[in-house]
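Chain residues, written in single-letter form:
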Amino acid sequence: KDERFGQAYLMMATGNISRQHWDDAAKVLEEFLADPRSEQSRERANALDLLASIYRHQKQFSKAIELWRKFVEQYPTHPSWSQAQTQIIDAEFEAAYEEFLDEKYEAARKAWEAFLAAHPLDGRAPQILFHFGQMAARQKAWDAAITAWRQLAEKYPGDQWGQRAQLAIAETYE
């Protein structure tokens with residue numbers, strides 16, 4: 001039993017990442033994590049974290065979140081534990097934002113509503129509220145857009161998103 005096999009897998013994965021061969025890096029790490037020997041490997045935690053990062057880069061947000069949650073649960077004393085918590089929150093936001101960019105507004109709204117319920121103090125809340133108005137405007141629901149932007153402007157008057165909401169209201173009335 002060679003204890004360096006975990007290091008070898010991580011080296012192969014990072015080599016693929018440096019060449020931007022994301023799929024190859026993911027396959028290497030998936031193979032490592034599927035190997036029963038990896039259960040006792042010191043490199044397992046780093047492999048989970050790295051694979052989650054790859055999935056996030058590939059916009060496979062649910063897979064990334066699942067792995068980071070596993071990482072957080074299994075490795076509470078790992079130096080990257082706090083960072084993994086942050087990565088989960090960021091991936092949740094990005095997943096909703098991708099739905100918004102793809103004009104899947106109902107899915108984006110549901111994802112962001114869940115995000116705001118779970119993270120009400122997140123600094124991106126004003127941005128999310130602005131996008132709620134944008135989604136309504138893009139669907140020609142002008143009253144709903146103005147209402148969303150007005151609520152944002154009233155709740156966050158000094159924030160850039162609150163100010164953008166005021167401008168969006170003015171532009172909508174033009």
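Cut-offs applied
- Residues numbered from 1 in each chain as written.
- Predicted model: local features only at pLDDT ≥ 70, side-chain atom pairs only at ≥ 80, totals over all residues.
- Heavy atoms only, no water.
- Helix = DSSP H or I, 4+ residues; strand = E, 2+ residues; numbered from the N terminus.
- Rg over C-alpha atoms; globule rule 2.2 N^0.38 Å.
- Buried < 20%, exposed > 50% of the residue type's maximum accessible area, 1.4 Å probe, protein only.
- Contact = heavy atoms within 4.5 Å.
- Areas by Shrake-Rupley, 256 points an atom, 1.4 Å probe, with all protein chains shown as cover.
- Core = buried A, V, L, I, M, F, W, Y, C linked by side-chain atoms within 4.5 Å.
- Axes fitted to C-alpha atoms, helices over the stretch in contact; angles between N-to-C directions.
- Parallel < 35°, antiparallel > 145°, perpendicular 65-115°, else oblique.
- Left-handed = near helix turned anticlockwise from the far one by under 90°.
- Salt bridge = Lys/Arg side-chain N within 4 Å of Asp/Glu carboxyl O.

Student: Explain the overall build of the protein to me, using residue names and the numbers behind them.
Tutor: From N to C terminus, the protein includes nine helices and zero strands. N-terminal to C-terminal, the α/β element order of the protein is α-α-α-α-α-α-α-α-α. Taken against the 2.2 N^0.38 rule, which gives 16 Å for 174 residues, the C-alpha radius of gyration of the protein at 21 Å runs more than 25% over that of a compact globule. Dimensions of the protein along its principal axes, counting C-alpha atoms only, are 70 × 30 × 25 Å. Looking at the protein as a whole, 44% of its 174 residues are labelled buried. By sequence separation, contacts in the protein at least 24 residues apart represent 43% of the contacts at least 6 residues apart. Here the protein has roughly 10200 Å² of accessible surface; of this, 50% comes from carbon and sulfur atoms.

Student: Tell me what's going on with the side chain of D122, and back it up with residues and numbers.
Tutor: Along the polypeptide, D122 turns up in the loop between α6 (105-118) and α7 (125-138). Under the relative-accessibility criterion, D122 is labelled buried at 17%. In this structure, D122 is in contact with I89 and F115, ignoring residues within four places of it in sequence.

Student: So, the environment of A148: which residues are in play, and what are the values?
Tutor: If you trace the backbone, A148 turns up in helix α8 (residues 142-155). Each C-alpha atom of the pair A148 and I169 lies 9.6 Å from the other, and the pair is 21 residues apart in sequence. When residues no more than four places from it in sequence are discounted, the contact partners of A148 are F132 and G133.

Student: Residues and numbers for the environment of L29, please.
Tutor: Position of L29 among the secondary structure elements: in helix α2 (residues 22-34). The exposure class of L29 is buried, given its relative accessible area of 0%. Distance in space between the C-alpha atoms of L29 and A107 is 30 Å, their sequence separation being 78 residues. Filtering out sequence-adjacent residues up to four positions away, L29 remains in contact with L10, A13, A47, L50, L51 and I54.

Student: Describe the nonpolar core, listing the residues and the values that go with them.
Tutor: Within the largest apolar cluster, 28 residues are counted, with the highest numbers of intra-cluster contacts made by L29, L51 and W68. Contributing elements (two or more residues each) for this core: α1 (5-18), α2, α3 (44-57), α4 (61-74) and α5 (81-101). For W68, the residues in contact, after removing those within four places along its chain, are D49, A52, S53, R56, A84, Q87, I88 and A91.

Student: Tell me about the packing of α5 against α7, and please be specific about residues and values.
Tutor: Two quantities define a packed helix pair, namely the angle between the axes and the distance from one axis to the other. Relative to each other, α5 and α7 sit at 20°, their axes nearing to 12 Å. Between α5 and α7, the crossing angle belongs to the class labelled roughly parallel. α7 is crossed by α5, and the crossing has left-handed handedness. Judged by residue contacts, F93, Y97 and F100 of α5 engage Q127, I128, H131, Q134, M135 and R138 from α7.

Student: Could you give an account of the pattern of salt bridges, with specific residues and numbers?
Tutor: Enumeration over the complete set of coordinates arrives at eight salt bridges. With its nearest N and O atoms 2.7 Å apart, the salt bridge here joins R69 to E92. Pair noted here: R69 is in helix α4 and E92 is in helix α5, with a separation of 23 residues, a long-range link. The residue R124 makes a salt bridge to D122 at a minimum N-O spacing of 2.9 Å. Among the charged side chains, a network of salt bridges with common partners joins D90, D122 and R124.

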